[in-house]
Amino acid sequence: MPDAPSSNPTEAYGWQHALTVPRRLTGNGGQILQSPVPELERLRRNGRPLLENTEFLLEDGSGDLLLTFPEQNCRPWKIQVGSGLRLSWEEGILRLELNASWGYGRTFRQLALRQCRSLRLLADTSLLEIYVNGGEQVLTTRFYPDYPGQGNRALPIKLACPGISGTGWQMDAMETNRHYF
């Protein structure tokens, strides 16, 4: 991300960057939409309904959440991931905020968004991808949670989103010796 100064705690282990999840590009009336490849859905497990004031625990830091907002939703909402990442929408601005210890130089990203109809959040340990309105916009960031203890990578997600509905899944890890595509 050359547009913003940042570092990663992974530098101490000899690696710095990460790849996004594989994406599928489709066209819709002159617009390119992005979505995770459908094969990733095979990694989902333990689906659970999500409503407007739900807490969802990513047991090992990896998960997939699909959220749908009411058609006439003009009320502000927020999604809190652990103690250091917040996604919010208010007055036409979608904003992703990271605290200093989770962001390592990244503090926020935002985009103008007249209406939020749907979100898909894919989290994988230190990567978060947010697909907005069926892939019309996509935000990707690295983040470094303060996990509660050695080997415990549980990550709570709190939804404060009036009128939403959706589903949240835990995600299995991809095995490097298997072919998914």
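Please refer to the structure placed before this passage.
Please read all numbers here as calculations on a predicted model, not as lab measurements.

Draft legend 1. Representation of the sheet that holds strand 5 (residues 62-68). Read across the open sheet, the six strands follow the order 3-14-5-10-11-12; overall the sheet is antiparallel. The outermost strands of the open sheet, each flanked by one partner alone, are strand 3 (44-51) and strand 12 (137-142). Across the sheet, the mean angle separating the axes of adjacent strands is 15 degrees when strand polarity is ignored. Pairing between strand 3 and strand 14 (residues 165-171): six bridges, direction antiparallel.

Draft legend 2. The arrangement of the environment of Pro145 in detail. Along the chain, the position of Pro145 falls in the loop between strand 12 and strand 13 (155-160). Since its relative accessible area comes to 13%, Pro145 is described here as buried. Taking the C-alpha atoms as reference points, Pro145 and Ser126, separated by 19 residues in sequence, lie 7.6 Å from one another. For Pro145, the residues in contact, after removing those within four places along its chain, are Trp102, Thr125 and Leu155.

Draft legend 3. Quick peek at the pairing of strand 7 (residues 85-90). Two strands pair when backbone bridges link them, and strand 6 (residues 77-81) and strand 7 are joined in this way by five bridges, in the antiparallel orientation. Looking across to strand 7, one finds that Lys78 is bridged to Ser88. Pairing of strand 7 with strand 8 (residues 93-98) involves six bridges; the strand directions are antiparallel. Looking across to strand 8, one finds that Leu87 is bridged to Leu96. Taking the residues between adjacent antiparallel strands as the criterion, strand 7 and strand 8 are bridged by two residues, where Glu91 takes a positive phi near 50 degrees.

Draft legend 4. Up close: the nonpolar core. Residues Leu67, Trp77, Ile79, Leu87, Leu94, Leu119 and Ile130 are the most contacted members of the largest nonpolar core, which totals 32 residues. Where this core is concerned, the elements lending two or more residues are strand 4 (55-58), strand 5, strand 6, strand 7, strand 8, strand 10 (118-124), strand 11 (127-132) and strand 13. In this structure Ile130 touches Leu87, Leu96, Leu119, Arg120, Leu121, Gln137, Val138 and Leu139, once residues within four positions along its chain are discounted. Val37, Leu122, Tyr131 and Met171 belong to the second-largest nonpolar core, a separate cluster that totals seven residues.

Draft legend 5. View of the environment of Asn133. By secondary structure assignment, the location of Asn133 is in the loop between strand 11 and strand 12. Overall, Asn133 belongs to the buried group, its relative accessible area being 6%. With 17 residues separating them in the primary sequence, Asn133 and Cys116 have C-alpha atoms 6.4 Å apart. Apart from residues lying up to four places away in sequence, Asn133 is in contact with Leu113, Gln115, Cys116, Arg117 and Ser118. Polar side-chain contacts of Asn133 include one of 2.9 Å to the backbone oxygen of Gln115.

Draft legend 6. View of the pattern of salt bridges. Following the criterion strictly, the structure yields nine salt bridges and no others. The salt bridge partner of Arg45 is Glu59, with a shortest N-O separation of 3.6 Å. With Arg45 in strand 3 and Glu59 in the loop between strand 4 and strand 5, this residue pair connects regions lying 14 residues apart in the sequence. Accessibility expressed as a relative area gives 24% for Arg45, which makes it partly exposed. A salt bridge links Glu136 to Arg117; the shortest N-O distance between them is 2.8 Å. Of this pair, Glu136 sits in the loop between strand 11 and strand 12 while Arg117 sits in the loop between strand 9 (108-112) and strand 10; the two residues are 19 residues apart in sequence, bridging distant segments of the chain. You can call Glu136 partly exposed: its relative accessible area is 28%. With relative accessibility at 36%, the residue Arg117 sits in the partly exposed group. What emerges from the salt-bridge pattern is a single network uniting Arg45, Glu59, Asp60 and Asp172.

Draft legend 7. Spatial organisation of the packing of aromatic side chains. Under the definition given, this model contains one aromatic pair. Cation over ring: Arg95 sits above Phe108, and NZ or CZ is 4.2 Å from the ring centre.

Calculation criteria
- Residues numbered from 1 in each chain as written.
- Predicted model: local features only at pLDDT ≥ 70, side-chain atom pairs only at ≥ 80, totals over all residues.
- Heavy atoms only, no water.
- Pairing = 2+ DSSP bridges.
- Helix = DSSP H or I, 4+ residues; strand = E, 2+ residues; numbered from the N terminus.
- Axes fitted to C-alpha atoms, helices over the stretch in contact; angles between N-to-C directions.
- Buried < 20%, exposed > 50% of the residue type's maximum accessible area, 1.4 Å probe, protein only.
- Contact = heavy atoms within 4.5 Å.
- Core = buried A, V, L, I, M, F, W, Y, C linked by side-chain atoms within 4.5 Å.
- Polar contact = N/O pair within 3.5 Å; in protein donor to acceptor, adjacent residues only side chain to side chain.
- Salt bridge = Lys/Arg side-chain N within 4 Å of Asp/Glu carboxyl O.
- Phe/Tyr/Trp six-rings, centres within 6.5 Å; stacked < 30°, edge-to-face > 60°.
- Lys NZ or Arg CZ within 6 Å of the ring centre and 35° of its normal.

Read these as layout, nothing more, since geometry by itself doesn't imply function.
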